[in-house]
Amino acid sequence: MTLINNGHSLQVDLAGGYTISNSQFLPKNYKAMQFHFHWGSSFGSEHTVDSTRYFGEMHIVHYDTAHADINAAINKPQGLAVIAFFIKADASSDNAAFQKILQPISAGMNKNAQKTLTPFPISDLLPKITGYYRYSGSLTTPPCYESVVWTIFKDPIQISAAQ
Ligand SMILES: [Zn+2]
């Protein structure tokens, strides 16, 4: 796991090993490449549910392993799968799992700085899951290819305001 401050987001690049395969949950076999975050001073999620917008959103970006790499998959039908979680920032105490990625940032990481993290299960960061929304959509940034199987989980991740 490589933690990156890319100047507009906090991103963690994944070196293989994180896959979703032979699952009824997704139409193809996917490999996770990275996860990153969207947030705002109050409402920074990219999706809304019944007009409700959340503090933030986590995206785990996968590509269809039938293609050579993410660049080959990015414009193919269902070439990408993004797993999304809303984030609420009103927990009364810190989310201990998130400290694994937030502590190095708060210790100081300039734009384009990278730090290697000790690998941990991504599930440590995720909430208890009770349901999700699914739609066929696009990348949210240019070139906006319509290649993404979106899955947005109903249950938000909870972190503290300080985090
Ligand atoms: Zn994103």
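Let me sum up the structure you'll find in this document. (Residues numbered from 1 in each chain as written. Predicted model: local features only at pLDDT ≥ 70, side-chain atom pairs only at ≥ 80, totals over all residues. Heavy atoms only, no water.)

The next thing to look at is the coordination of the zinc ion. Only His36 (NE2), His38 (NE2) and His59 (ND1) from the protein reach the zinc ion as donors, at distances of 1.9 to 2.1 Å. Mapped onto the polypeptide sequence, the residues donating to the zinc ion form the spacing pattern H-x1-H-x20-H. With histidine 38 in strand 4 (residues 30-39) and histidine 59 in strand 7 (residues 56-64), the pair connects residues that are 21 residues apart, well separated along the chain. In terms of burial, histidine 38 and histidine 59 fall into one category: buried. (Donors = N, O, S within 2.8 Å, 3.2 Å for Na, K, Ca; no water. Helix = DSSP H or I, 4+ residues; strand = E, 2+ residues; numbered from the N terminus. Buried < 20%, exposed > 50% of the residue type's maximum accessible area, 1.4 Å probe, protein only.)

Our next topic: the pattern of salt bridges. As enumerated under the stated definition, the model contains two salt bridges in all. With a closest N to O distance of 3.0 Å, aspartate 124 and lysine 100 form a salt bridge. Here the residue aspartate 124 occupies a position in the loop between strand 9 (114-116) and strand 10 (132-137), and lysine 100 occupies one in helix 2 (residues 99-106), the gap between them amounting to 24 residues. Here aspartate 124 falls in the partly exposed class, since its relative accessible area comes to 33%. (Salt bridge = Lys/Arg side-chain N within 4 Å of Asp/Glu carboxyl O.)

All of the buried residues along helix 2 are Ile101, Leu102 and Pro104. Buried residues of helix 2 fall within an arc of 160 degrees about the axis and therefore sit on the same side. Where helix 2 is buried, its residues contact strand 1 (2-5), strand 2 (10-13), strand 4 and strand 9. Just downstream of helix 2, glycine 108 is the residue with a positive phi angle, here 115 degrees. (Arc of directions from axis to C-beta. Contact = heavy atoms within 4.5 Å.)

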